[in-house]
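Understanding the architecture of this molecule
Residues per chain are reported as follows:
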Amino acid sequence: RQCIPQNRLVTPLPFCPVPTLFTIPSCFTFARLARRLRSLAFLNPGLEIILQHVRTEPIPKETFFYKHGIEEFVKQLGENKNVIHPKPVVISRQRDEVFVDVVLQYNDSYTDQILPFANSIPNPDGGTHLTGFRTALTKAVNQYAKANSLVQEKDPAIPGDDVREGLVCVLSLKLP
């Protein structure tokens, strides 16, 4: 057994799916669990998650720990891209019991990659938080462009698709 510092709480959570409830055992592949636990570690900065499969030899093991959370997630998503600005934009706010974390970074590609989460659950189909983010981002860019004379008064507003071009973003919402 390893020596664990006194300020660290370690909670082992063994997982053994019951065959009568989980009839598709192939859905629990090590790679699939690793992807999900990696995203949980990104979304919860400072949380260390160790995935270990003890029924196979050699014992596969992966450790996930991200001190800076989704900022590191966005950097990892943009690793093989030419980023426009080297440091991601990090926005964290709390209102009442709702926490919002947004990290974004632009690159020179033509597509966007926005990953929305609510209470650490991925929302691949979006939701009101994603719609609100897209609307607010487009509005902010248009207001900035007008305030700084980057567009003429007679010019149409910059469309949302153009604002999101090359965007890598992780949007995390935590609410009761």
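All of the points below concern the structure found in this document. Keep in mind that what you see is a predicted model, and the values were worked out from it rather than measured.

What follows covers helix H3 (residues 128-147). In a regular helix each residue adds 1.5 Å, so 20 residues correspond to 28 Å; H3 covers 28 Å between its end C-alpha atoms and thus fits that length. Close packing links the buried residues of H3 with strand E4 (98-106), strand E5 (113-118), helix H4 (160-164) and strand E7 (167-174). Ser149 lies just past H3 and shows a positive phi near 55°.

Before going further, it helps to examine the nonpolar core. Core analysis: the largest hydrophobic core is formed by 15 residues, its most contacted members being Phe64, Ile70, Phe73 and Val170. The set of elements that each furnish at least two residues to this core consists of helix H1 (30-43), strand E1 (48-52), helix H2 (70-77) and E7. With four residues, the single largest contributor to this core is H1. The contacts of Ile70, once residues within four sequence positions are left out, are Phe42, Leu43, Asp101, Val102, Val103, Val170 and Ser172. Grouped together as the second largest cluster of nonpolar side chains are 11 residues, Val102, Ile114, Val163 and Leu167 included.

So, about the packing of H1 against H2. One way to put it is that H1 packs onto H2 with a least axis distance of 7 Å and a crossing angle of 130°. Relative to H2, the element H1 is oriented oblique. Across the interface between the two elements, Arg38, Phe42 and Leu43 of H1 pack against Ile70, Glu72, Phe73 and Gln76 of H2. Residue composition of the contact of H1 with H2, grouped by class: four nonpolar, one polar and two charged.

Rules of the game
- The residue numbers shown here count from 1 along each chain, following its written sequence.
- Totals for whole chains, interfaces and linings use all residues, but because this is a predicted model, local features are given only for residues with pLDDT of at least 70 and pairs of side-chain atoms are given and counted only at 80 or more.
- The basis for the side-chain values is all heavy atoms of the structure; hydrogens and waters are excluded.
- Secondary structure counts use DSSP, requiring at least four H or I residues in a row for a helix and at least two E residues in a row for a strand, with both numbered from the N terminus.
- Multiplying 1.5 Å by the residue count of a helix minus one yields the expected span of that helix.
- We call two residues contacting when some pair of their heavy atoms lies within 4.5 Å.
- What makes a nonpolar core is a set of buried Ala, Val, Leu, Ile, Met, Phe, Trp, Tyr and Cys residues whose side-chain atoms join them at distances within 4.5 Å.
- Think of it in three bands: with a 1.4 Å probe and only protein chains considered, a residue is buried below 20% of the maximum accessible area for its type, exposed above 50%, and partly exposed in between.
- To obtain each axis, a line is fitted to C-alpha atoms, and for helices this fit is confined to the stretch in contact; angles are then taken between N-to-C directions over 0 to 180 degrees.
- Orientation is classified from the angle alone, with under 35 degrees giving roughly parallel, over 145 giving roughly antiparallel, 65 to 115 giving roughly perpendicular, and any other angle giving oblique.
- Polarity classes work like this: nonpolar for Ala, Val, Leu, Ile, Met, Phe, Trp, Tyr, Cys and Pro, charged for Asp, Glu, Lys and Arg, and polar for all others, with Gly in that last group.

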